[in-house]
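Each chain is listed here by its residues.
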Amino acid sequence: MKKYTLKRIITSLFTLLAILLVLFILMQLMPGSPFNDEKLTPDMRAALYAKYGLDQPIYIQFFRYVGNMLRGDLGVSYNISKNTPISQLIQSRLPISIQVGGMAVTLGAAVGLVLGIIAALKRDTIFDTIATIISVIGVSVPSYVFALALSYTFGFKLRWFPMLFSAKDVLGSSVLPSVSLSMFTMASIARFTRSEMIEVLDSDYMLLAESKGISGPALIFRHALRNALIPIVTMIVGWFTSIFAGSLIFEDMFGLNGMGKLMISSLRTSDYDVTILMQLFYVVVALLGNLVIDIVYGLVDPRVRVNK
């Protein structure tokens, strides 16, 4: 398992390097310039290109960029906050995105698993019907509609939670965007958990476990849920990645000054280094998600562990 994990980490690093090269080339090929100010003369613009090394060939810029990253230098912003290190720009934004995304995935996974397990154990009953209705609504209704409804009801009418993000109440103002983001995840996991649990509960090895006298929570959690979790883990980690990527619209709606908002600003202003780093952030999240899936597979089900 250790060798397999190390191999996956090395593969992920090479993948990250290849994606970084593609992103770097695409940014160079994009129309426009980070210095689009009409007040700049051609000589002034050329001086700025020389100052930041943007007049060098692409391969020189790329290797210099990678070398700087390995030393912890993420570059500076050209437009959003001129000459400000990018590390400072993300210092206050990254915790907000992680907190909201983490709360959304945790809430969606927990509620979805509970609903799915209840629906499977109480199938063809009123509990199964209620769980199914909630799941269908969660999958069918777009997340931004939930966001508007929750914001109007609990933010404007009842005033239980802030409608816009506030640094004075980080936890309270994270509730509405987190719940909105978690709805689709919760509904999908609930439906998938129900189908997987029903399939496992009807399997032969569950009948064998029952014949050995195993019953109650030990039968459900130790045998049924553990076997049903293998495909569910993939979904949970996958949605953790997609929630970060799909949180851009919610950061605008709820006034979150997170990573998504920074990426949109960098694209609008052609702030090259910031754009590359934001894209790289989402790539790293995806690669970490895939790595976690592979490792968790081995922990959940010994059959998928890799031998010598």
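Numbering of residues begins from 1 in every chain and follows the order in which that chain's sequence is written. The predicted origin of the model limits local features to residues at a pLDDT of at least 70 and limits the giving and counting of side-chain atom pairs to 80 or more, whereas totals for whole chains, interfaces and linings rest on all residues. Where side-chain values are given, they derive from all heavy atoms of the structure, hydrogens and water being excluded.

Caption draft 1: Here's a closer look at the environment of Val200. Numbering of helices and strands runs from the N terminus; a helix is a DSSP stretch of H or I covering at least four residues, while a strand is a stretch of E covering at least two. Mapping Val200 onto the fold places it in helix α9 (residues 175-201). The exposure class assigned to Val200 is buried, which follows from its relative accessible area of 6%. Val200 sits 28 residues away from Ala228 along the chain, and the two C-alpha atoms are 6.6 Å apart. Each residue is assigned to one of three classes by its accessible area relative to the maximum for its type, calculated with a 1.4 Å probe on protein chains only: buried under 20%, partly exposed between the two thresholds, exposed over 50%.

Caption draft 2: View of the packing of aromatic side chains. Two rings from Phe, Tyr or Trp (for Trp, the six-membered ring) form a pair when their centres sit within 6.5 Å of each other. Planes less than 30 degrees apart are called stacked, planes more than 60 degrees apart edge-to-face, and all others tilted. Across all of its chains, the model carries five aromatic pairs by this definition. Ring plane angle 50° and centroid distance 5.7 Å describe the contact between Phe24 and Tyr65, whose orientation is recorded as tilted. Highlighted residues: Phe24 in helix α1 (residues 2-29) and Tyr65 in helix α3 (residues 58-70), separated in sequence by 41 residues. For the pair Phe24 and Tyr65, a shared accessibility class is recorded, and that class is buried. Ring geometry for Tyr152 versus Phe156: centroids 5.7 Å apart, planes at 25°, classification stacked. Taken as a pair, Tyr152 and Phe156 lie in helix α7 (residues 143-157) at a separation of four residues, close to a single helical turn. Among the aromatic residues, ring-to-ring pairing joins Phe24, Phe62, Phe63 and Tyr65 into one connected group.

Caption draft 3: Representation of α3. Between its terminal C-alpha atoms α3 stretches 18 Å, which fits the 18 Å expected from 13 residues at 1.5 Å a residue. Those residues of α3 that sit buried are Gln61, Phe62, Tyr65, Val66 and Asn68. Down the axis of α3, the buried side of the element spans an arc of 160°, and every buried residue falls inside it. Set apart from the buried face of α3 by more than 90 degrees, the exposed residues are Tyr59, Phe63 and Leu70. Where α3 terminates, the next one or two residues include Gly72, which has phi positive at roughly 90°. Helices are assigned an expected span. That span is 1.5 Å times one less than the residue count. By arc we mean the arc of the directions from the helix axis to the C-beta atoms, nothing more.

Caption draft 4: Region of the structure containing the packing of helix α5 (residues 94-121) against helix α6 (residues 126-140). The interhelical angle for the contact between α5 and α6, taken along N-to-C directions, is 140°, at an axis separation of 8 Å. Once α5 is placed against α6, the crossing between them reads as left-handed. For the pair formed by α5 and α6, the contact residues are Leu115, Ile118 and Ala119 on the first element and Phe127, Asp128, Ala131 and Ile134 on the second. Tallied by class, the residues present in the contact of α5 with α6 amount to six nonpolar, no polar and one charged. All axes here are fitted lines through C-alpha atoms, helices being fitted over the stretch that makes contact, and every angle between N-to-C directions spans 0 to 180 degrees. A clockwise turn of the near helix away from the far one marks a right-handed crossing, whereas an anticlockwise turn of less than a right angle marks a left-handed crossing. The contact criterion used is simple: two residues touch if any of their non-hydrogen atoms lie within 4.5 Å. Under the scheme applied here, ten amino acids are nonpolar (Ala, Val, Leu, Ile, Met, Phe, Trp, Tyr, Cys and Pro), four are charged (Asp, Glu, Lys and Arg), and all others, including Gly, are polar.

Caption draft 5: Layout of a nonpolar patch on the surface. Among the surface-exposed residues, Val114, Ile118, Ile126, Phe127, Ile130 and Ile134 lie close enough to one another that they form a single nonpolar patch of about 530 Å² accessible area. Counting residues per element, the nonpolar patch draws most heavily on α6, which supplies four residues. Relative to the helices and strands, Ile118 resides in helix α5. For Ile118, a relative accessible area of 36% puts it in the partly exposed group. Here the term patch refers to residues with relative accessible area over 30% and no salt bridge, with like charges joined within 9 Å and nonpolar side chains (Val, Leu, Ile, Met, Phe, Trp, Tyr) within 5 Å. We get accessible surface area from the Shrake-Rupley algorithm with a probe of 1.4 Å; when it comes to residues, only the shown protein chains can shield them. Salt bridge, as used here: a side-chain nitrogen of Lys or Arg that lies within 4 Å of a carboxyl oxygen of Asp or Glu.

Caption draft 6: View of the nonpolar core. If you look at the biggest cluster of nonpolar residues, it comprises 28 residues, and the most contacted ones within it are Leu20, Ile90, Leu277 and Met278. At the level of secondary structure, the elements contributing two or more residues to this core comprise α1, α3, α4 (86-91), α13 (259-269) and α14 (272-300). For this core, the element with the most residues is α14, which contributes nine residues. When near neighbours in sequence (up to four residues on either side) are disregarded, Leu20 contacts Phe62, Tyr65, Val66, Met69, Ile276 and Leu280. One finds Ile96, Leu181, Phe250 and Phe254 within the second-largest nonpolar core, a separate group that totals eleven residues. By nonpolar core we mean a set of buried residues, namely Ala, Val, Leu, Ile, Met, Phe, Trp, Tyr and Cys, connected to one another through side-chain atoms within 4.5 Å.

In short, shape yes, function no, at least from these values alone.
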